[in-house]
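Now for the letters of each chain:
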Amino acid sequence: VTFPLDEEDKDLLDGSVIKALSKRYRRNKSDENLYDLLYVLNKIEVIVPGIYEDLGYEEGLQPDVLKSDDGRLHFPIFTKEEEMPIEYASKFSRIHVSFMDCIQSAKRQEVDGVVINPFTVCVELNFTQLELLEKMNNNAMN
């Protein structure tokens with residue numbers, strides 16, 4: 001469940017908050033910095049590149065998968081169109097969905113985790129780290 005944006009959260013839409021939190025997390029991979037990054041990601045729509053058939057998000061999704069230098073596979077997620085290089089973006093359709101939906105989709109792929117904005121301020125997250133988001137959402141519902 002994506003949290004609705006409050007009036008004070010409207011500044012999240014320009015991407016600067018995510019970029020700052022991503023940089024902070026890359027410098028210091030603490031649980032607190034991860035929590036802050038996931039909290040904000042959970043409040044916005046993100047972009048998933050892929051090939052889509054006209055069957056709806058999940059049924060028609062053939063997402064792109066990126067391979068890191070060490071051979072790990074990642075489900076790419078972008079926070080803004082501008083985070084995607086034109087030559088990359090031109091190869092794929094782009095769908096805007098909640099971050100939580102992306103995580104659920106990534107879990108169904110044979111990947112090691114997700115990568116946020118892989119061509120700019122790249123943050124790789126594995127599924128153990130992403131469990132924190134599920135805990136956050138469960139606590140918000142209780």
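Here the structure is a predicted model, which is why all the values come from computation and not from measurement.

A. Geometry of unusual backbone geometry. A positive phi angle, close to 45°, is found at N117, a residue other than glycine. Mapped onto the fold, N117 is located in the loop between β6 (113-116) and β7 (123-126).

B. Geometry of the packing of helix α1 (residues 16-27) against helix α2 (residues 31-41). Where α1 meets α2, the closest approach of the two axes is 9 Å, and the angle between their N-to-C directions is 155°. As the angle between them shows, α1 and α2 are arranged roughly antiparallel. For the crossing formed where α1 meets α2, the hand is left-handed. In this structure, α1 contributes V17, I18, L21, S22, R24 and Y25 to the contact, and α2 contributes N33, L34, D36, L37, V40 and L41. Residue composition of the contact of α1 with α2, grouped by class: 8 nonpolar, 2 polar and 2 charged.

C. Structural view of the sheet that holds strand β4 (residues 73-77). Strand order across the open sheet formed by 4 strands is β3-β4-β6-β7, with mixed pairing between neighbours. The open sheet has two free edges, formed respectively by β3 (66-67) and β7, since each of these has just one partner strand. Alignment of β3 against β4, held across 2 bridges, turns out to be antiparallel. Note on β4: the bridge partner recorded for K67 is L73.

D. Representation of the pairing of β7 within the structure. Burial of the side chains of β7 is restricted to one face: V123 and L125 are buried, whereas none of E124 and N126 on the reverse face is. With 4 bridges connecting them, β6 and β7 associate as antiparallel partners. Looking at the pairing, I116 lines up with V123 of β7.

E. How the structure looks around the packing of aromatic side chains. With the rule as written, the count across this model stands at 5 aromatic pairs. Measuring from ring centre to ring centre gives 6.2 Å for Y35 and Y39, while their planes differ by 20°; the resulting arrangement is stacked. Highlighted residues: Y35 and Y39, both in helix α2, separated by 4 residues, approximately one helical turn. Using a relative accessible area of 37% as the deciding quantity, one classes Y35 as partly exposed. By relative accessible area, Y39 is classed as partly exposed at 33%. Relative to Y88, the ring of F78 lies with its centre 5.8 Å away and its plane at 45°, an arrangement referred to as tilted. Separated by 10 residues along the polypeptide, F78 in the loop between β4 and α3 (86-89) and Y88 in helix α3 bring together distant segments of the chain. Of the residues examined, F78 reaches a relative accessible area of 0% and is grouped as buried.

F. Layout of the nonpolar core. In terms of nonpolar packing, the biggest core is built from 28 residues, with L38, L41, I77, F99, V114 and L125 touching the most fellow members. Mapped onto this core, the elements with two or more residues apiece are α1, α2, β1 (45-52), β4, α4 (99-108), β6, β7 and α5 (127-141).

G. Focus on the pairing of β6. Note: β4 against β6, 4 bridges, orientation parallel. Across the sheet, residue H74 finds its bridge partner in β6, namely G113.

H. Spatial organisation of the pattern of salt bridges. Here the structure, examined in full by the defined rule, presents 5 salt bridges. The partner of D36 in a salt bridge is R24, with the nearest N and O atoms 2.3 Å apart. Of the two residues, D36 sits in helix α2 while R24 sits in helix α1, which places them 12 residues apart along the sequence. Judged by its relative accessible area of 22%, D36 is partly exposed. The class for R24 is partly exposed, based on a relative accessible area of 29%. Salt-bridge contacts for E124 lead to R72; the nearest nitrogen and oxygen are separated by 2.9 Å. Of this pair, E124 sits in strand β7 while R72 sits in the loop between β3 and β4, and the two are 52 residues apart along the sequence. Here E124 falls in the partly exposed class, since its relative accessible area comes to 32%. Here the salt bridges share partners, and the residues they tie into one network are D70, R72 and E124.

Here is what the cut-offs are and how they apply
- Residues numbered from 1 in each chain as written.
- Predicted model: local features only at pLDDT ≥ 70, side-chain atom pairs only at ≥ 80, totals over all residues.
- Heavy atoms only, no water.
- Helix = DSSP H or I, 4+ residues; strand = E, 2+ residues; numbered from the N terminus.
- Axes fitted to C-alpha atoms, helices over the stretch in contact; angles between N-to-C directions.
- Parallel < 35°, antiparallel > 145°, perpendicular 65-115°, else oblique.
- Left-handed = near helix turned anticlockwise from the far one by under 90°.
- Contact = heavy atoms within 4.5 Å.
- Nonpolar A, V, L, I, M, F, W, Y, C, P; charged D, E, K, R; others polar.
- Pairing = 2+ DSSP bridges.
- Buried < 20%, exposed > 50% of the residue type's maximum accessible area, 1.4 Å probe, protein only.
- Phe/Tyr/Trp six-rings, centres within 6.5 Å; stacked < 30°, edge-to-face > 60°.
- Core = buried A, V, L, I, M, F, W, Y, C linked by side-chain atoms within 4.5 Å.
- Salt bridge = Lys/Arg side-chain N within 4 Å of Asp/Glu carboxyl O.

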